[in-house]
Amino acid sequence: MMKENILEVQKNIAEACKRAGRDPSEVTLIAVSKTKPLSDIEEAIACGMTEFGENKVQELLEKMEQLHTPVQWHLIGHLQTNKVKYIVDKGLLIHSVDSIRLARELQKEAVKRQTHCNILLEVNVAREDSKFGFFYEEVPDAVREISAFSNVHIQGLMTIAPFVENPEDNRPVFAKLHKLLLDIKSINIDNVNMSVLSMGMTNDYMAAVEEGATMVRVGTGIFGMRDYNI
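Residues numbered from 1 in each chain as written. Predicted model: local features only at pLDDT ≥ 70, side-chain atom pairs only at ≥ 80, totals over all residues. Heavy atoms only, no water.

A.B. asks: Quick question: what am I supposed to make of the nonpolar core here?
C.D. replies: For soluble globular proteins, nonpolar side chains are generally found buried alongside one another. Within the largest apolar cluster, 70 residues are counted, with the highest numbers of intra-cluster contacts made by Phe52, Ile94, Leu106, Ile119, Leu121 and Leu157. Here Ile94 is in contact with Leu75, Leu79, Ile87, Leu106, Cys117, Asn118, Ile119 and Leu120, once residues within four sequence places are set aside. Ranked by size, the runner-up nonpolar core spans 6 residues in total, among them Ile30, Met158, Val196 and Met215. (Core = buried A, V, L, I, M, F, W, Y, C linked by side-chain atoms within 4.5 Å. Buried < 20%, exposed > 50% of the residue type's maximum accessible area, 1.4 Å probe, protein only. Contact = heavy atoms within 4.5 Å.)

What follows is the structure, given as structure tokens:
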């Protein structure tokens, strides 16, 4: 079933790219493996998946340690400053940098460990009280400030769009973030590479791809429903 799920998601991405006049190779599919056992990740790898996203630092570290196949990990959940020291040198792409304070802590720990850290800035485009992230209008100043950090490198932007019944309702959110990314990219700020736009999940990734996403985060669409009681 997982193989069929992955093929279905890849087909949907390819069709969304075709509608938008894009090359499917521009879009990276991240399998969101939070709460899923190692056996599911290994099955997904056997099906060709190489990119995996986790929400919690502890679960991510445990899976990294237990999994012997080299894959690319993404931290997509909220990161607390007191957890930074555990992951700053693990070669992750951190999607969820939602404050200057967090970026500053990543810089401090990266310098201490003589490493470098790639990040995305999380943007709360819809201004939801339940979500973390910079507000839209705060992002340019945040980018400029963080660009001065020697060991932290902004690769792009990320958003978690509202949960909606109709994915079309999130299209304006995705389009707005894509425009912001292009606007910042056009300024050519040193130490800022606006090449990654992480947006879209199982219920709305096709609309996200049509609006410019370069990374989509799909969990249920690949692994099936999660058991949150484990």
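We are not done yet, so read on.
A.B. asks: Can you help me understand the side chain of Gln107 in this one?
C.D. replies: The residue Gln107 is located in helix H5 (residues 100-112) in this model. Engagement of the side chain of Gln107 in a polar contact is seen with the backbone nitrogen of Asn151, the distance being 2.8 Å. With residues up to four places along the chain from it excluded, the contact list for Gln107 reads Phe149, Ser150, Asn151 and Val152. (Helix = DSSP H or I, 4+ residues; strand = E, 2+ residues; numbered from the N terminus. Polar contact = N/O pair within 3.5 Å; in protein donor to acceptor, adjacent residues only side chain to side chain.)

A.B. asks: Hey, could you run me through the environment of Val57 in this one?
C.D. replies: Mapped onto the fold, Val57 is located in helix H3 (residues 57-66). Counting along the chain gives 30 residues from Val57 to Ile87, while the straight-line C-alpha distance between them is 7.4 Å.

A.B. asks: Just to check I follow, could you spell out the packing of aromatic side chains for this structure?
C.D. replies: This structure, assessed with the given rule, holds 1 aromatic pair. With a centroid separation of 5.9 Å and 45° between ring planes, the pair formed by Phe52 and Trp73 is classed as tilted. Highlighted residues: Phe52 in strand S2 (residues 51-54) and Trp73 in strand S3 (residues 72-75), separated in sequence by 21 residues. Trp73 shares its class with Phe52; the two are buried. Here Arg127 stacks its cationic end above the ring of Phe135, 3.7 Å away from the centre of that ring. Of note, Lys176 hangs over the ring of Tyr136, and the distance from its end group to the ring centre comes to 4.6 Å. (Phe/Tyr/Trp six-rings, centres within 6.5 Å; stacked < 30°, edge-to-face > 60°. Lys NZ or Arg CZ within 6 Å of the ring centre and 35° of its normal.)

A.B. asks: How should H3 be read in this particular structure?
C.D. replies: Since the α-helix turns once every 3.6 residues, residues separated by three or four places project in the same direction. Taken together, the buried positions of H3 are occupied by Val57, Glu59, Leu60 and Lys63. The buried residues of H3 occupy an angular sector of 165° when the element is viewed end-on, so they sit on one face. Exposed residues lying more than 90 degrees from the buried face of H3 are Gln58 and Glu65. Residues of H3 that are buried sit in contact with helix H2 (38-46), S2, S3 and helix H4 (84-87). (Arc of directions from axis to C-beta.)

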